Amino acid sequence: MIAPILSRVSAGVLVLCGVALLFASDVLLPALIPAFPPAAAWLGQLLGAAWLGLAAINWLQRRAVLGGIYGRPIVLANLTVFVVSALSLIRALPGKPPALWAAAAVASLLAAGYAVLLFAGPFEGAPRPSA
């Protein structure tokens, strides 16, 4: 029963971050990165669009069997996004605001959840596809 919860939580996190970057990247990115030029806000918008796309996929797959061999592309895509996000945020943490620490913690937890799904497979109580 971890897969539906994980899909919903990751979809929610990705929607919040994606919408924020899509509509306010010219404000957010210079606040987080002091030397970031406001004219390059389109980079944040591209990242926000990618996160919104992954959020839509997660939301549509929230009732699917995920883990092991089931839903491997979805699980692997989420694992990649959250591992890279967590490692990038952890690398940038020294001297940064507490919001980045929270974002790194959330990304790390979601990465761990998807890693467990990938390597441990579907858990007890998960619906199985009919043959």
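Please refer to the structure placed before this passage.
Residues numbered from 1 in each chain as written. Predicted model: local features only at pLDDT ≥ 70, side-chain atom pairs only at ≥ 80, totals over all residues. Heavy atoms only, no water.

1. Some points on helix 2 (residues 41–60)
Here is step 1 of the chain: Between the first and last C-alpha of helix 2 there are 29 Å, a value that for 20 residues agrees with the 28 Å anticipated at 1.5 Å per step.
Here is step 2 of the chain: Within helix 2, burial applies to Ala41, Gly44, Gly48, Leu54, Ala55 and Asn58. For helix 2, the buried positions fall inside an angular range of 140° around the axis, keeping them on one side. Exposed residues pointing more than 90 degrees away from the buried face of helix 2 are listed as Leu46 and Leu60.
Here is step 3 of the chain: Buried residues belonging to helix 2 abut helix 1 (2–32), helix 3 (72–92) and helix 4 (98–120). (Helix = DSSP H or I, 4+ residues; strand = E, 2+ residues; numbered from the N terminus. Expected span 1.5 Å × (residues − 1). Buried < 20%, exposed > 50% of the residue type's maximum accessible area, 1.4 Å probe, protein only. Arc of directions from axis to C-beta. Contact = heavy atoms within 4.5 Å.)

2. Examining the nonpolar core
Here is step 1 of the chain: Leu6, Leu14, Leu66, Val75, Phe82, Tyr114 and Leu117 are the most contacted members of the largest nonpolar core, which has 15 residues in total.
Here is step 2 of the chain: Counting only elements with at least two residues in this core, the list comes to helix 1, helix 2, helix 3 and helix 4.
Here is step 3 of the chain: Ranked by the residues each element gives to this core, the list is headed by helix 4, at five residues. (Core = buried A, V, L, I, M, F, W, Y, C linked by side-chain atoms within 4.5 Å.)

3. Here we look at the packing of helix 2 against helix 3
Here is step 1 of the chain: Axis separation between helix 2 and helix 3 bottoms out at 11 Å; the angle between their running directions is 145°. Crossing angle aside, the handedness with which helix 2 passes helix 3 is left-handed. Contacts between helix 2 and helix 3 involve Trp51, Leu54, Ile57 and Asn58 on the former and, on the latter, Ile74, Ala77, Asn78 and Val81.
Here is step 2 of the chain: In terms of residue class, the contact of helix 2 with helix 3 is made up of six nonpolar, two polar and no charged. (Axes fitted to C-alpha atoms, helices over the stretch in contact; angles between N-to-C directions. Left-handed = near helix turned anticlockwise from the far one by under 90°. Nonpolar A, V, L, I, M, F, W, Y, C, P; charged D, E, K, R; others polar.)

4. What about the packing of aromatic side chains?
Here is step 1 of the chain: Under the defined criterion, the tally for this structure stands at one aromatic pair.
Here is step 2 of the chain: With a centroid separation of 6.2 Å and an interplanar angle of 5°, the aromatic rings of phenylalanine 82 and tyrosine 114 are classed as stacked. Within this pair, whereas phenylalanine 82 is found in helix 3, its partner tyrosine 114 is found in helix 4, the two being separated by 32 residues in sequence.
Here is step 3 of the chain: For tyrosine 114, a relative accessible area of 0% translates into the label buried.
Here is step 4 of the chain: The cationic tip of arginine 62 hangs over the ring face of tryptophan 59; the distance from NZ or CZ to the ring centre is 4.0 Å. (Phe/Tyr/Trp six-rings, centres within 6.5 Å; stacked < 30°, edge-to-face > 60°. Lys NZ or Arg CZ within 6 Å of the ring centre and 35° of its normal.)

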